[in-house]
Structure formats: C-alpha cells, structure tokens
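Examination of the molecular architecture
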Amino acid sequence: MPRPPKRRMVEFLPPCDHFKPAGVPLAELEEVQLSVDELESIRLKDHQGLDHEACAQRMQVSRSTFHRILRSAHEKVAAALTEGKSVRIEGGNYRLLGRHLCRQCGGLWRARDDEACDPICPHCGCEDVVKGVPTHRRRRRNRSHRRGGWR
Ligand SMILES: [Zn+2]
C-alpha cells in the first residue's frame, strides 16, 4: 500500500478565506482554489521574507517540495489577479501547528487536522476564536526564566 503523502506543517490560518474582485457578482466569477499549505508557502517566503531553506524547514518538507508548493501558489494568485478571478483558501495536505483560543470562554484546544478556516469553540460553541496560538510560548518563557538563574 502506498504511503499517504506527508502532511505539511502550517502555522497559520488566514483571517479571511475568500477574496473576490469588487463590483462583480459572485455568480459571474471564476474561482481559484488556493490550498492552506500553498498560502503558508506565500506567507513564509513572500510575506516573512524567509529563504527557501528556512521555509522548507518550517513546513517540514524538502526544498524541492517547498519550491513546488510555492510555484503552484504563485501561479494561482497570478491567474486570479490578472484574470479577475476570486480566490478561495481551503483544503490542502497540511497539519496545523498550535492551538485555538476562544475569546468568549477562554477555552484552548488543539487544532484538528484539516480543520475549517472558521473553527468553532468545542466548549461553548461560539466562533470568536483566535486561531493558531503557538504552543511553544510557555516553553520559551520557562527557558528565559532559567537563564535568570535559580537561586
Ligand atoms: Zn468558548
């Protein structure tokens, strides 16, 4: 049996998962689907300005895989901008790092794989959710505490 493709690590879900050209009815628009891992490649390379090596490490893929993801992402965004298509961000082969935090009840839970871009709090059911809260925050604080010295 072939192994399932390796999931790409994603640290971020977009605040908005659908973009459309202004003034054109949705029904008349063609849509481009950008996967969540493709968006992550754009975010790391083009928005944060990391080099390919660092991006590949962050997403836990090889450099050539990262290059392929980024290229596909660029082609889709370019097509949308030049041909006036809407962009929907959904799907993809990824695992979300971090956890979600509910602004209403303070509930914190591990992001599920392939979770929708609009997670709902499993504790109180509300949608006022901060996505992808990094899980390494506490470890970092502990380290700096230790540097300060235990006396
Ligand atoms: Zn809640």
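All figures in this text were calculated on a predicted structure; none of them were measured in a lab.

Here we take up the overall build of the protein. From N to C terminus, the protein includes four helices and eight strands. Shown N-terminal to C-terminal, the secondary structure of the protein runs as helices and strands in the order β-β-β-α-α-α-β-β-β-β-β-α. In the protein, which comprises 151 residues, the share counted as buried stands at 19%. Across the protein, contacts joining residues at least 24 apart in sequence account for 68% of those joining residues at least 6 apart.

Moving on, we come to helix α2 (residues 52-59). The periodicity of an α-helix, 3.6 residues per turn, causes residues three or four positions apart to be oriented the same way. For α2, the set of buried residues is C55, A56, R58 and M59. Take α2 and look down its axis: the buried residues cluster within an arc of 160°, on one side only. Where the residues of α2 are buried, they touch β1 (8-10), α1 (36-47) and α3 (63-83). Q60 sits one or two residues past α2 and shows a positive phi near 55°.

On to the confidence of the model for the protein. Across the protein, the average pLDDT comes to 83, with 81% of residues at or above 70. When pLDDT is averaged over each helix and strand of the protein, the minimum, 45, is found for helix α4 (residues 137-147) and the maximum, 97, for α3. Here residues 137-151 scores under 50 on pLDDT; set against residues more than four positions off or in separate chains, the count is zero contacts.

Further remarks concern the sheet that holds strand β2 (residues 18-19). As a general point, the strands of a sheet are linked pairwise by backbone hydrogen bonds and lie either parallel or antiparallel. In spatial order, the strands read β2-β4-β3; together these three strands make up an open sheet with mixed pairing. In the strand order of this sheet, the two ends are held by β2 and β3 (31-34), each with one partner. Packed onto the sheet, α3 meets β3 and β4 (86-89) and runs at close to 155° relative to β3.

Reading the values: the criteria
Residues numbered from 1 in each chain as written. Predicted model: local features only at pLDDT ≥ 70, side-chain atom pairs only at ≥ 80, totals over all residues. Helix = DSSP H or I, 4+ residues; strand = E, 2+ residues; numbered from the N terminus. Buried ≥ 20, exposed ≤ 12 C-beta atoms within 10 Å, placed from the backbone. Contact = placed C-beta atoms within 7 Å. Arc of directions from axis to C-beta. pLDDT = per-residue confidence, 0-100. Pairing = 2+ DSSP bridges. Axes fitted to C-alpha atoms, helices over the stretch in contact; angles between N-to-C directions.

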